[in-house]
Number of protein chains: 2
Amino acid sequence: MAAAVSLAERARGRSTPNPNVGCVIVQDGRVLGRGWTQPGGRPHAEAMALAQAGDAARGATCYVTLEPCAHVSPRGPACADLLVAGGVARVVVALRDPDPRTDGDGIARLAAAGIAVTNGVGAAEARRSMAGFLARQRFGRPHVTLKLALSLDGAAAMGDGRSQWITGAEARAHAHLERARHDAILVGRGTFEADQPRLDVRLAGLERRAPARILLSATPEPGWTTLATPAAIATLAGVDTLLVEGGAATAAAFLTEDLVDRLLLYRAPIVIGGGRTLPDIGLGDLAQAHARWTRVDARQLGSDRLEVYERTGRD
Amino acid sequence: MAAAVSLAERARGRSTPNPNVGCVIVQDGRVLGRGWTQPGGRPHAEAMALAQAGDAARGATCYVTLEPCAHVSPRGPACADLLVAGGVARVVVALRDPDPRTDGDGIARLAAAGIAVTNGVGAAEARRSMAGFLARQRFGRPHVTLKLALSLDGAAAMGDGRSQWITGAEARAHAHLERARHDAILVGRGTFEADQPRLDVRLAGLERRAPARILLSATPEPGWTTLATPAAIATLAGVDTLLVEGGAATAAAFLTEDLVDRLLLYRAPIVIGGGRTLPDIGLGDLAQAHARWTRVDARQLGSDRLEVYERTGRD
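Going by an unreviewed UniProt entry, chain A carries the name Riboflavin biosynthesis protein RibD and comes from Sphingomonas populi. Per its UniProt entry, chain A bears the Function (unreviewed entry) comment "Converts 2,5-diamino-6-(ribosylamino)-4(3h)-pyrimidinone 5'-phosphate into 5-amino-6-(ribosylamino)-2,4(1h,3h)-pyrimidinedione 5'-phosphate."

Dropping the structure here:
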């Protein structure tokens, strides 16, 4: 399933309106076919993997990160039917598809055809990989990642706003990679005025993966999609994953509305003192603050440390 | 040498006016004698280890965390002379003794007697173990550890001052262990008024290791040693290791004077927003903030994380 999730990553941000799914077909330890959702959403991952495997798929096992679809569309057949026709003996699924056109019907159709089905394998990784699709399905809005680059004492900038640089080159390169993995980036009016941010992806080979640019502001800005409130992200068409980059007031606005699903925290080993820290987020008491965030990843980036947290209870 | 440092830890905070030293005498893989500075400073670690080893010390190797002393005192003979008389073949030293009465003379006397001497083995660990003694020798003041218990966004308390609890039980127990390892604890007037802190050691078996209590305040307080400024720590007799516990203004006062040697950072996985963060520490620009702190330890304590930093360039 790890291989299937890894294939699904190839489709991240390019499979709209369909989820980015990965699929591997295996028999006797040999990989017979690999697939991932193609640009624009078709063919599906299973169709691609089955086409590669051909007749060899008979009696094989299919690993797929999302339940095969049960609905026929003008753009292609249902994957559950394709798998039955292909003759696979077993299907291992990471996540049930919340799309009401499938939602268990794909698994039922496979089982009815005598195929052994296992569900829930590698669910956490698959969920992370399809976070955008799942947030759109469940909450009707994009999956939101908040990026913060902070000193040990929690400052995103000096008291007068200077913030170049808190973190080092490795952390900044990683942040650009995260940009490339999102459909859109949002900044607030303060960051827009102060930094005139390009919000592009400055990594060799990924320059063309620059996401859409969104401004959180009461006043529209030419050339920018402007939202008046955090909740308005639900209206963004074609944006399933949103990276909120700053500044502190914008971060606080999203946290206050509990609209942050994932925290990307780059921490530099420096002490600033009197810096710009996170303003009020409407916390009633300390007990409320606990158990909201779960650390899911941590790594060293040069002298900085990256920690990734997920909002508890969103899976 | 690791074993010798570990023995030295037994004398930490109890060897005044002498440094806490550890010593192991070894021959053919067998430990013949172990010693550490005894309460009140005498006997020295080498004298204790030699007494245990007796005649077996002839031809043996002696590992000691500080250069053996070269000065005879009314309280005992010079350890360099004892080692020569004991007949050891080799002495391995972690650190040269900065005390002007020795300062290389101990090593020279051993070498003159035909003993093979190696210096600098395990220096970093020995330096950490004797940090109080070394700060007193080099800077004429105690070694200062600043403890901070912070949220992800750097808050030590909510905006209204509530701070019970930011960190969990494991982190608080660790903080009590750190108290037991220091000669004195200092708090500021704000923490004193708000929390009426006991500053005791609430760990079974260590209750009697409660350090002296110091207050940073312009106004004296009955029952407390009161200092008007951070620099006045130099006047504290019998205090070689000081733990600064809070609050944010006191932390900033010590950081502003560059009087913090070690940062003890307990980080809880919570976001507070609008909390009490570190005030101004007189930083001119961001470049000044970099490369001042080196992480020397990190560990998980329940859901919290402890990071230990040392001020760069103090060794």
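Draft legend 1. Region of the structure containing the packing of helix H2 (residues 45-53) of chain A against helix H3 (residues 79-86) of chain A. Residue and element names in this part refer to chain A. At their nearest, the axes of H2 and H3 sit 9 Å apart, and the two run at 20° to each other. In terms of orientation, H2 and H3 fall into the roughly parallel class. Classified by chirality, the crossing of H3 by H2 is left-handed. Within the contact between the two elements, H2 uses Glu46, Ala47 and Leu50 and H3 uses Cys79, Leu82 and Leu83. When the residues that make up the contact of H2 with H3 are grouped by side-chain class, the tally is 5 nonpolar, no polar and 1 charged.

Draft legend 2. Structural context of the interface of chain A and chain B. On the side of chain B, 37 residues touch chain A, which itself brings 37 residues to the contact. When chain A packs against chain B, close to 3,000 Å² is buried across both sides, 61% of that on carbon and sulfur atoms. Its largest share of buried area at the contact with chain B, chain A owes to Leu152(A), Val271(A) and Leu286(A), together 21% of the area lost on that side. Run the count over chain A and chain B and you get 2 salt bridges. The closest approach of N and O atoms between Arg305(A) and Glu307(B), which form a salt bridge, is 3.8 Å. The interface formed by chain A and chain B includes 12 residue pairs in polar contact (both at pLDDT 80 or more).

Draft legend 3. Seen up close, the UniProt feature "binding site: NADP(+)" (unreviewed entry) in chain A. All names here are of chain A. When the UniProt feature table is mapped to this numbering, "binding site: NADP(+)" (unreviewed entry) covers Ala149, Trp165, Thr191, Asp195, Leu199, Gly247, Ala248, Ala249, Thr250, Ala251, Ala252 and Ala253. Spanning 105 residues, the annotated positions stay apart in the fold, the maximum distance between their C-alpha atoms being 23.9 Å. By the element assignment, threonine 250 lies in helix H9 (residues 248-256). Once you skip the residues sitting within four places of it in the chain, threonine 250 turns out to touch Leu186, Val187, Gly188, Leu216 and Val244. Note that alanine 252 resides in helix H9. Since its relative accessible area comes to 4%, alanine 252 is described here as buried. Sequence-distant contacts of alanine 252, that is, excluding residues within four places in its chain, are made with Leu278, Pro279, Asp280 and Ile281.

Draft legend 4. Region of the structure containing the sheet that holds strand S12 (residues 293-301) of chain B. Residue and element names in this part refer to chain B. Within the open sheet, the 8 strands sit side by side as S9-S8-S7-S10-S6-S11-S13-S12. Their pairing is mixed. The open sheet has two edge strands, strand S9 (225-227) and S12, and neither has a second partner. Sheet twist, expressed as the mean angle between neighbouring strand axes with direction ignored, is 25°. One ladder, built from 4 bridges, connects strand S7 (residues 184-188) with strand S10 (residues 241-246); its direction is parallel. Across the sheet, valine 187 pairs through a bridge with glycine 246, a residue of S10. The sheet contacts of helix H7 (residues 169-180) involve strand S6 (143-150), S7, S10, strand S11 (262-267), S12 and strand S13 (304-311), and relative to S11 the element is tilted by about 160°.

Draft legend 5. Region of the structure containing the domain arrangement of chain A. Residues and elements named next belong to chain A. Under the domain assignment used here, chain A contains domain 1 (1-131) and domain 2 (141-311). Distance from the C-alpha centre of domain 1 to the C-alpha centre of domain 2: 33 Å. Residue-level contacts link 7 residues of domain 1 with 7 residues of domain 2. Buried surface at the junction of domain 1 and domain 2, summed over both partners, amounts to about 700 Å²; 41% is from carbon and sulfur atoms. By the criterion of area lost to domain 2, the three top residues of domain 1 are Arg12, Arg128 and Ala131, representing 61% of everything that side buries. Our count for the contact surface shared by domain 1 and domain 2 stands at 2 salt bridges. Measuring nitrogen to oxygen at the nearest pair gives 2.6 Å for the salt bridge that ties arginine 181 to glutamate 9. The interface formed by domain 1 and domain 2 contains 2 residue pairs in polar contact (both at pLDDT 80 or more).

The rules we used
- Residues numbered from 1 in each chain as written.
- Chains lettered and ligands numbered in written order.
- Predicted model: local features only at pLDDT ≥ 70, side-chain atom pairs only at ≥ 80, totals over all residues.
- Heavy atoms only, no water.
- UniProt positions renumbered as here; feature names shortened; annotations may be inferred.
- Axes fitted to C-alpha atoms, helices over the stretch in contact; angles between N-to-C directions.
- Helix = DSSP H or I, 4+ residues; strand = E, 2+ residues; numbered from the N terminus.
- Parallel < 35°, antiparallel > 145°, perpendicular 65-115°, else oblique.
- Left-handed = near helix turned anticlockwise from the far one by under 90°.
- Contact = heavy atoms within 4.5 Å.
- Nonpolar A, V, L, I, M, F, W, Y, C, P; charged D, E, K, R; others polar.
- Buried area = accessible area lost by both parts, 1.4 Å probe.
- Salt bridge = Lys/Arg side-chain N within 4 Å of Asp/Glu carboxyl O.
- Polar contact = N/O pair within 3.5 Å; in protein donor to acceptor, adjacent residues only side chain to side chain.
- Buried < 20%, exposed > 50% of the residue type's maximum accessible area, 1.4 Å probe, protein only.
- Pairing = 2+ DSSP bridges.
- Domains from an automatic or database assignment.

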